[in-house]
Amino acid sequence: MTEMVPKSRLLREKTARKEAEKLLEQKSLELFNKNTALEALTQNLEKLVEERTAELVSARDAAMAASRAKSAFLANMSHEIRTPLTAVIGFAENIQAGIISEAEISDTIDTIIANSKHLFTILNEILDISKIESGQLEVEQIRFALEPIIIDLDSIFKPICQAKGLYFDLNIDSNLPKDVITDPTRVRQILMNLIGNAVKFTENGRISLNVKADQVAQQLTFQVIDTGIGMSEEQISKLFNAFSQADNSITRRYGGSGLGLTIAKELSALLNGDIRVESHPGQGSTFTFTVGCEAFFDTSLNHMTSVESMAPNSLKGSVLVVEDNEVNQELIAQHLKYLGIDFAIEGNGELGFQAALAGEYDIILMDIQMPVMDGKEAVKILRSVGYNKPIYAVTANVMSQDITEYRQIGFNGHIGKPINKKHFYSILCKYLQANTNDESSASEQFDYMAEARKKFFASLPGYKDTLLDACVSQNNHALNAILHQLKGLCGNFNLNELDALAKQAYHLSETGNLDAFALSEQLAAMIDATLTEFANEKNG
Amino acid sequence: MKKTVNFLILDDVDATRELLRGLLTSVLASPKYKFEVMIYQAATAEQAMHLLKKHKISLAFLDIELPDDSGLNVLRNIKNDFPDTHSVMVSGSSSKKNVLAALEVGILGFILKPFNRVRVEEAVENFYKKTKP
């Protein structure tokens, strides 16, 4: 019985082998499946990589194209900026050199101003574009009279058209409301651009401006129609893209930043409107510009007096100008002199805040970037010590975040550089009084002075004696102390000569300079003279 | 009845105190200020501290250049010992150092000599706004 293998063991082995085979089969199937999946994944990955690469290539191409467009734009801008700048510098130098005859000077200055304004427009457009790109372009909503703006455009473009042999038609809808609410500056800017383009691209025929108001749709519609060169479909499609005029060669021929329409389109959207174009090559173009306008008024609030044509000496008051640049100082000074306004100029923020504390100014015009202490710090200090008078920032930094910052610091507002005369004068008008040539209010304020003045004169002989004693004993310490008191006091009572001499002597004595004694003796003599004068004044 | 508040003028020169007192009286004559003012005067820092202890001073005008101390020290002492007293600095020099030192402690105004009325008006106006109920 020993050779007998137990049946049960055989059976167990057989079962085990079967199970092992089954497991093996199962595992190899799993392996096969995983392999297949892996292969699919690899293929998929490769495809993904290919797709991403293609996307990157196209993004890179787009970025490069944008960069090329910007480079081309910059190169072009450089040319656009240099052209008017050349005229400004060149003509100004010629006037200075005396090359231009007396008779031609006025025309030459007109040319300089026209070119400067052109330059200013280009810079504004570049600024607008940078605001658009950073999403910071803002519009206002103000109630204003629409018609004067349209009439103003008419008076600007009619002569330009005439000079080019074109007709300019203005058609205003008879039911146009007196006042509307939207952004007058931006509406004007868009219309200037559209009409400007029309004139630029039209050699003969006419330019028309049609103005309509739809009270139901709450919309203003402006149409600018020209009989100019017109545009193809393709040109129209590129029309509103920044940095590309319909054709680059057009830039060379017609000039301009090529940004105007992009800005106009963005602005019209901000004004709840749009700009649409219809055009065919050789058949002229029609630009339709709409503005959303929620309220119309049949009467006008607008009493805008023409501040630009203000007469000489028409204001009175005093202004502190804090500005480090001599050219700007002179420019502001010319305006203030013309208007008959008293003013003082300081060259940096530190001198500025000291002058502000010392003086009685109706308004301060404060530059921002200055040496020693900038305008922002000066205003922070002034506001912290309780200075309440209006302060305006006069600055080339007019981005909206700058302006918000100025307001937070304590500026009342800002005046952009270059200075816009109209804006500048309107701010002066706000804080200064009209000059009506009457002088009455001063007297009562000086009553309280009388008592103090009497006291001061009574104490002057004592001061003089102390002063002389110090001189005789050559005691600089005592001299310094008495001079210190005198220098502050004399100014209070408008004894300016005494004040100046006392200050001079005080400064010498501060440094131990012995000349202080000689000056103090002079000062004592002057005190005597002043006392005699005061006695005569009393008796007389 | 009008409420009475106490002011203090600290300055070593008689005529200067007189001048400031006159200016204050004239500014306070405006009907918009609905309080009577009693003006105390001190010629030294020591006298000033004495008056501050004795009377409840609401607004102090402090000259910086004093014979026995700096007005800036007086300002600091006031902030420590009489936190309800407001101060205005008075000085012949608005040097950045003086102004910043005073600002650090906290003031309602900085009046430069020779005086001008507008600064005094501003100081009183700022005081009025601070203390209006």
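Residues numbered from 1 in each chain as written. Chains lettered and ligands numbered in written order. Predicted model: local features only at pLDDT ≥ 70, side-chain atom pairs only at ≥ 80, totals over all residues. Heavy atoms only, no water.

1. Brief notes about the overall build of chain A
Under the convention used in this document: Note on conventions: DSSP H or I runs of at least 4 residues are helices, E runs of at least 2 residues are strands, and numbering of each starts at the N terminus. Burial here depends on accessible area, computed with a 1.4 Å probe over protein chains only, as a share of the maximum for the residue type. Under 20% is buried, over 50% is exposed, and the range in between is partly exposed. Reported accessibility uses the Shrake-Rupley method at a 1.4 Å probe radius. Residues are deemed covered only where the shown protein chains occlude them.
Helix and strand counts for chain A stand at 17 helices and 15 strands. Taking all 540 residues of chain A together, 38% fall into the buried category. As displayed, chain A offers around 30,900 Å² of accessible surface, 54% of which is attributable to carbon and sulfur atoms.

2. Concerning the pattern of salt bridges
Residues and elements named next belong to chain B. Threshold: Take a side-chain nitrogen of Lys or Arg and a carboxyl oxygen of Asp or Glu: if they are within 4 Å of each other, that pair is a salt bridge.
According to the stated counting rule, one finds 21 salt bridges over all chains in the structure shown. Note that Asp11 and Lys113 form a salt bridge whose closest N and O atoms lie 3.3 Å from each other. Taken together, the residues Asp11 in the loop between strand 1 (3-10) and helix 1 (14-28) and Lys113 in the loop between strand 5 (109-112) and helix 5 (117-131) connect sequence positions 102 residues apart. Accessibility expressed as a relative area gives 3% for Asp11, which makes it buried. The exposure class assigned to Lys113 is buried, which follows from its relative accessible area of 15%. A salt bridge links Lys113 to Asp63, with the nearest nitrogen and oxygen atoms 3.2 Å apart. Of the two residues, Lys113 is situated in the loop between strand 5 and helix 5 and Asp63 in strand 3 (residues 57-63); the sequence distance between them amounts to 50 residues. Taken individually, Lys113 and Asp63 each receive the classification buried, so the pair is uniform in this respect.

3. Considering empty space enclosed by the protein
This is how the line gets drawn: Buried and open spaces are told apart on a 1 Å grid over the protein atoms alone, a cavity being a set of points where a 1.4 Å probe fits but cannot get out and a pocket being an open set with protein on both sides within 12 Å along at least five of seven lines. Residues with an atom within 4 Å of a point are the lining residues. Grid points are joined across faces, edges and corners, and a volume is the space filled by probe spheres set on the points. By the convention adopted, Pro, Cys, Tyr, Trp, Phe, Met, Ile, Leu, Val and Ala count as nonpolar, Lys, Arg, Asp and Glu as charged, and the other residues, Gly among them, as polar.
What the rule picks out here adds up to 1 cavity of 30 Å³ or more. As a volume, the largest cavity reaches approximately 50 Å³. Around the largest cavity sit Leu357, Val385, Gly386 and Tyr387 of chain A together with Leu108, Gly109, Phe110, Arg119, Glu122, Ala123 and Asn126 of chain B, which together line it. For the lining of the largest cavity, the secondary-structure elements that each account for two or more residues are strand 5 and helix 5 of chain B. Of the residues forming the lining of the largest cavity, the biggest block, 4 residues, is contributed by helix 5 of chain B. Residues of the lining of the largest cavity, tallied by class, amount to 6 nonpolar, 3 polar and 2 charged.

4. What about the packing of helix 3 (residues 146-164) of chain A against helix 4 (residues 184-200) of chain A?
Residues and elements named next belong to chain A. Test applied: Think of each axis as a best-fit line through the C-alpha atoms, taken over the contacting stretch in the case of a helix, with angles from 0 to 180 degrees between the N-to-C directions. Angle categories are assigned with fixed cut-offs, so that under 35 degrees is roughly parallel, over 145 is roughly antiparallel, 65 to 115 is roughly perpendicular, and the rest are oblique. Helix crossings fall into two classes, left-handed where the near helix is turned counterclockwise from the far one by less than a right angle and right-handed where it is turned clockwise. Only heavy atoms enter the contact rule, under which two residues are in contact if any of them lie within 4.5 Å.
Interaxial distance between helix 3 and helix 4 falls to 11 Å at its minimum, and their mutual angle equals 15 degrees. In terms of orientation, helix 3 lies roughly parallel with respect to helix 4. The two elements helix 3 and helix 4 meet at a crossing, and its hand is right-handed. Residues Ile149, Ile150, Asp152, Leu153, Ile156, Phe157, Ile160, Cys161 and Lys164 of helix 3 form the contact with helix 4, whose own contacting residues are Pro184, Arg188, Leu191, Met192, Ile195, Gly196, Val199 and Lys200. Looking at side-chain class alone, the contact of helix 3 with helix 4 contains 12 nonpolar, 1 polar and 4 charged residues.

5. Quick word on unusual backbone geometry
Cis rather than trans, the peptide bond between Lys417 of chain A and Pro418 of chain A has omega equal to -5 degrees. Mapped onto the elements, Pro418 of chain A comes out in the loop between strand 14 (413-416) and helix 12 (421-431). With an omega of -5 degrees, the peptide bond running from Lys113 of chain B to Pro114 of chain B counts as cis. Mapped onto the fold, Pro114 of chain B is located in the loop between strand 5 and helix 5. The backbone phi angle of Gln218 of chain A is positive, close to 50 degrees, even though this residue is not glycine. For Gln218 of chain A, the location among the structural elements is in the loop between strand 4 (205-214) and strand 5 (219-226). For Gln218 of chain A, a relative accessible area of 37% translates into the label partly exposed.

6. Looking at the sheet that holds strand 1 of chain B
Residues and elements named next belong to chain B. What counts here: A pair of strands is labelled paired if DSSP reports no fewer than 2 bridges between them.
As summarised here, the arrangement of the 5 strands in space is 2-1-3-4-5, forming an open sheet in which the pairing is parallel. The sheet terminates laterally at strand 2 (35-42) and strand 5, the two strands that pair on one side only. For this sheet, the mean angle separating the axes of adjacent strands, direction not counted, is 20 degrees. In the sheet, strand 1 pairs with strand 3 via 5 bridges, with the strands oriented parallel. What sits directly across from Ile9, in strand 3, is Phe61. Strand contacts of helix 1: strand 1, strand 2, strand 3 and strand 4 (86-91), with the helix running at about 175 degrees to strand 2, the strand carrying the most contacts.

7. Looking at the side chain of Gln329 of chain A
Residue and element names in this part refer to chain A. This is how it is decided: What qualifies as a polar contact is a pair of N or O atoms within 3.5 Å, subject to a donor-acceptor requirement within protein and to the restriction that residues adjacent in sequence count only when both atoms come from side chains.
Along the chain, Gln329 falls in helix 8 (residues 326-339). Only 2.7 Å separates the side chain of Gln329 from the backbone oxygen of Glu323, close enough to count as a polar contact. Apart from the residues within four sequence positions on either side, Gln329 is in contact with Glu323, Asp324, Ile345, Glu346 and Gly347.

8. Re the packing of aromatic side chains
All names here are of chain B. Note the cut-off: Whether two aromatic rings pair depends on their centres lying within 6.5 Å, for rings of Phe, Tyr and Trp, where Trp uses its six-membered ring; planes under 30 degrees apart make the pair stacked, over 60 edge-to-face, and the rest tilted.
Evaluation of the coordinates by the stated rule reveals 11 aromatic pairs over all chains. For the pair Phe7 and Phe127, a centre-to-centre distance of 5.4 Å together with 90 degrees between the ring planes defines the contact as edge-to-face. Of this pair, Phe7 sits in strand 1 while Phe127 sits in helix 5, and the two are 120 residues apart along the sequence. A relative accessible area of 0% places Phe7 in the buried class. Considering the side-chain rings of Phe35 and Tyr128, the 6.0 Å spacing of their centres and the 45 degrees angle between planes classify their relative orientation as tilted.

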